[in-house]
Amino acid sequence: MGSEPPMRGLHAPPPAGRAPLSARTAALLLLAFGVVWLLALASTAVTPPLDNVEQSIWLRSLQWGYYKHPPLPTWLAAAASAIGGHGPLPLYLLGATCTLGSLLIFWQLLRECRGPQFAHVALLAALCVTFYNGRLYYFNHNVVMMLAIAAMVWACWRLSLRPRLATWAVLGLCAGLGMLAKYQTAVAGVCVLLWWLQLRGWRHPVHRIGLWLGGAVAALVFLPHALWLWQHDFAPLHYAQHSSLGVGLGPLARLKHTLLWLADWLFNRPVLAWLVLAAAWWGARPQPGDGAAPAAGPAVARDESRRFLLLWGMAPALMMALLGLALGTDLQLQWLTAFTLWTVAAVMVLLPARALTWRARRAAAWAFAALQLLLLAQLLLSSVYGPERWRSVHWRNFPSDRLAQGVAQPARELLGGPIDIISGPYTEAGALALRMAEHPRVLIDGKLAISPWISAEELRRARVISLFPATEPPAGAYRAMPGWAWRPGGTDAKKTPPP
């Protein structure tokens, strides 16, 4: 940036008689979207998402780290449960808050850098990405990271407008919190560095010092977890190595897997967003009697915001694709949760230049409404309340209610009181624990090493049952429901003899 004057945000003048979407209206739109989708998802899900179940298990003990991930999402889940009770609803609301908060930051930033018309259409399109509607009730490390990264993107753009050390400190704080949510935040850190290079940060004293300041703040926030990693043999990194990073696919498999992953990024999750954009640009086609298109702002500023949005919308996916090609990593589809909304904005700046008139906004709004109705209908048809032939085998239809009916009362009668601990696979055992009134803790796979909320001494004196898959209950076990059995005691399900 050097000594260039601060750059102003781009605000295209609104069409006469058609006020652009205000901050209040955008917030109300997001609130209405959240209420509708949360009601639909909560009323059709028999069982909460797997990630919510996992957090409901971990929050029983606040740690500086867990065997799979950093701690920030679990701390937030514990706070939500302390306020709203130990059940599915607090985590549904927390997940929706993270997602909708990220989208509100997204809208505000686009309003500053590309104008209100652009931000309006981009928000409608982003709300059609399946990460953000059908998964609105998910609370996991991805959605917490998404909120932290959205704040990082906002801070990064503010530095383009007005270099300040305070903004660099805020960016470092957001980066540190993001790393406490998920290590993938490092990808956003690379984007910040790339933008610093784009700004020629080495020439500007505030950017030179600010880069180090932001890094120091991020490191300070992350330091306690780093110490925990050292003390626990870097357990989450070992988990990542075994689950995805260290898969080591062969050259041909790497190429095929990476191309499929990129295809999902561009043509699966956001495909409905592209339909909204297509409707907007069709609606914005020139009409007889139209005047000249309104200017979108100074050309220099327009180019700057274009490069900025292309960086944040395209670079993260390309970096992860290179990771898959170079290391044979098993790329996970959900890794782009935090970045797909920025891909929507990046695609928008690549579209042929055309003024975003009120007709474009109206066309986008109609397309958005129609697609939301179709998505809600699809959800209802694939739920347990839909016709049998339309029901899906999605985890949300796992019959945790039937599992609880087959376990809770018989186990209490056999052990003489409420169940304290369920030993078994975290998904089914966690879903069962959420269904039981006493909300027992879960001994994950019968392993104390990854269940710090339970001590060895407590395990010996508590009322414990083991849950495990079985076509027929073996000796000493009881049928819970088709495919599942339980027995008294904390025996690891993996050691259960076959029926």
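This text gives an overview of the structure that appears in the document. Owing to the predicted nature of the structure, the values given are computational and were not obtained by experimental measurement.

**Notes on the nonpolar core**
Nonpolar side chains tend to gather and get buried jointly when the protein is soluble and globular.
(1) Moving on: Among the nonpolar cores identified, the biggest contains 116 residues, and Leu-103, Leu-110 and Trp-312 are the most heavily contacted of them.
(2) Moving on: The element best represented in this core is helix α6 (residues 141-161), accounting for 14 residues.
(3) Moving on: Each residue touching Trp-312, except ones within four places of it in the same chain, is listed here: Ile-149, Val-153, Cys-156, Ala-188, Cys-191, Val-192, Phe-339 and Trp-342.
(4) Moving on: Ile-419, Ile-421, Ile-422 and Leu-432 belong to the second largest nonpolar core, which has 35 residues in total.

**Things to note about the pattern of salt bridges**
(1) Moving on: Under the counting rule described, the total for this entry stands at eight salt bridges.
(2) Moving on: Across the pair Arg-460 and Glu-457 runs a salt bridge whose closest N-O atoms are separated by 2.7 Å. With Arg-460 and Glu-457 both in helix α18 (residues 456-461), this residue pair falls three residues apart, about one helical turn.
(3) Moving on: What makes Glu-457 partly exposed here is its relative accessible area of 43%.

**Some points on the packing of helix α4 (residues 88-114) against helix α5 (residues 116-126)**
(1) Moving on: It is at 7 Å that the axes of α4 and α5 come closest, and there the two elements cross at 150 degrees. In terms of axis orientation, α4 runs roughly antiparallel to α5. Every pair of crossing elements has a handedness; the one defined by α4 and α5 is right-handed. Seen from α4, the contacting residues are Leu-103, Phe-106, Trp-107, Leu-110, Arg-111 and Arg-114; seen from α5, they are Pro-116, Phe-118, Ala-119, His-120, Ala-122, Leu-123 and Ala-126.

**Quick word on the packing of helix α12 (residues 271-283) against helix α15 (residues 358-382)**
(1) Moving on: The contact between α12 and α15 brings their axes to 7 Å, and the two run at 150 degrees. With respect to their mutual orientation, α12 and α15 come out roughly antiparallel. At the point where α12 passes α15, the crossing takes the right-handed sense. For the pair α12 and α15, the contacting residues are Leu-272, Leu-275, Val-276, Ala-279, Ala-280 and Gly-283 in the first and Arg-359, Ala-360, Ala-363, Ala-364, Ala-367, Phe-368, Leu-371 and Leu-375 in the second.
(2) Moving on: Considering only residue class, the contact of α12 with α15 consists of 12 nonpolar, one polar and one charged.

**Observations regarding helix α11 (residues 251-267)**
(1) Moving on: With 17 residues, α11 extends 24 Å between its outermost C-alpha atoms, agreeing within 8% with the 24 Å of an ideal straight helix rising 1.5 Å per residue.
(2) Moving on: Turning to α11, its buried residues are Arg-254, Thr-258, Trp-261, Leu-262, Asp-264 and Trp-265. Mapping the buried residues of α11 onto a view down its axis gives an arc of 155 degrees, with all of them on the same face. Exposed residues pointing more than 90 degrees away from the buried face of α11 are listed as Leu-252, Lys-256, Leu-260 and Phe-267.

**A few points about the sheet that holds strand β5 (residues 484-488)**
(1) Moving on: The five strands are arranged β2-β1-β3-β5-β4 in an open sheet whose pairing can be described as mixed. The two strands at the open ends of the sheet, each matched to only one other strand, are β2 (441-444) and β4 (478-481). Each adjacent strand pair in this sheet contributes to an overall mean axis angle of 30 degrees, direction not counted.
(2) Moving on: Where β4 lies against β5, three bridges are found, and the strand directions are antiparallel. The residue of β5 that forms the bridge with Met-481 is Trp-484.
(3) Moving on: The strands that helix α17 (residues 426-435) touches are β1 (421-424), β2, β3 (464-469) and β5; relative to β1, the one it contacts most, it runs at about 160 degrees.

**Concerning the pairing of β1**
(1) Moving on: Burial along β1 is two-sided: the face carrying Ile-421 and Ser-423 and the face carrying Ile-422 and Gly-424 are both buried.
(2) Moving on: Note that β1 and β2 share four bridges and pair parallel. Of the residues in β2, the one forming a bridge with Gly-424 is Ile-444.
(3) Moving on: As for the winding sense of the linkage, the β-α-β connection from β1 through α17 to β2 is right-handed.
(4) Moving on: With three bridges joining them, β1 and β3 adopt parallel strand pairing. Within β3, the residue paired with Ile-422 across the bridge is Ile-465.

**Side note on a nonpolar patch on the surface**
(1) Moving on: Where nonpolar side chains cluster on the molecular surface, the patch consists of Val-190, Leu-193, Leu-194, Leu-197 and Trp-202 and spans about 420 Å² of accessible area.
(2) Moving on: The residue Trp-202 is located in the loop between α8 (185-198) and α9 (205-231) in this model.
(3) Moving on: Under the relative-accessibility criterion, Trp-202 is labelled partly exposed at 42%.

**Structural notes on the side chain of Arg-254**
(1) Moving on: Mapped onto the fold, Arg-254 is located in helix α11.
(2) Moving on: No salt bridge is formed by the buried Arg-254; the nearest opposite charge belongs to Asp-330, separated by 11 Å.
(3) Moving on: A distance of 2.8 Å separates a polar side-chain atom of Arg-254 from the backbone oxygen of Ala-326.
(4) Moving on: Setting aside residues up to four positions removed in sequence, Arg-254 forms contacts with Leu-249, Gly-324, Leu-325, Ala-326, Leu-327 and Gly-328.

Quick notes on the rules
Residues numbered from 1 in each chain as written. Predicted model: local features only at pLDDT ≥ 70, side-chain atom pairs only at ≥ 80, totals over all residues. Heavy atoms only, no water. Core = buried A, V, L, I, M, F, W, Y, C linked by side-chain atoms within 4.5 Å. Buried < 20%, exposed > 50% of the residue type's maximum accessible area, 1.4 Å probe, protein only. Helix = DSSP H or I, 4+ residues; strand = E, 2+ residues; numbered from the N terminus. Contact = heavy atoms within 4.5 Å. Salt bridge = Lys/Arg side-chain N within 4 Å of Asp/Glu carboxyl O. Axes fitted to C-alpha atoms, helices over the stretch in contact; angles between N-to-C directions. Parallel < 35°, antiparallel > 145°, perpendicular 65-115°, else oblique. Left-handed = near helix turned anticlockwise from the far one by under 90°. Nonpolar A, V, L, I, M, F, W, Y, C, P; charged D, E, K, R; others polar. Expected span 1.5 Å × (residues − 1). Arc of directions from axis to C-beta. Pairing = 2+ DSSP bridges. Right-handed = clockwise from strand over helix to strand, strands pointing away. Patch = residues over 30% accessible without salt bridge, like charges linked within 9 Å, V, L, I, M, F, W, Y side chains within 5 Å. Areas by Shrake-Rupley, 256 points an atom, 1.4 Å probe, with all protein chains shown as cover. Lys, Arg positive; Asp, Glu negative; His and termini not counted. Polar contact = N/O pair within 3.5 Å; in protein donor to acceptor, adjacent residues only side chain to side chain.

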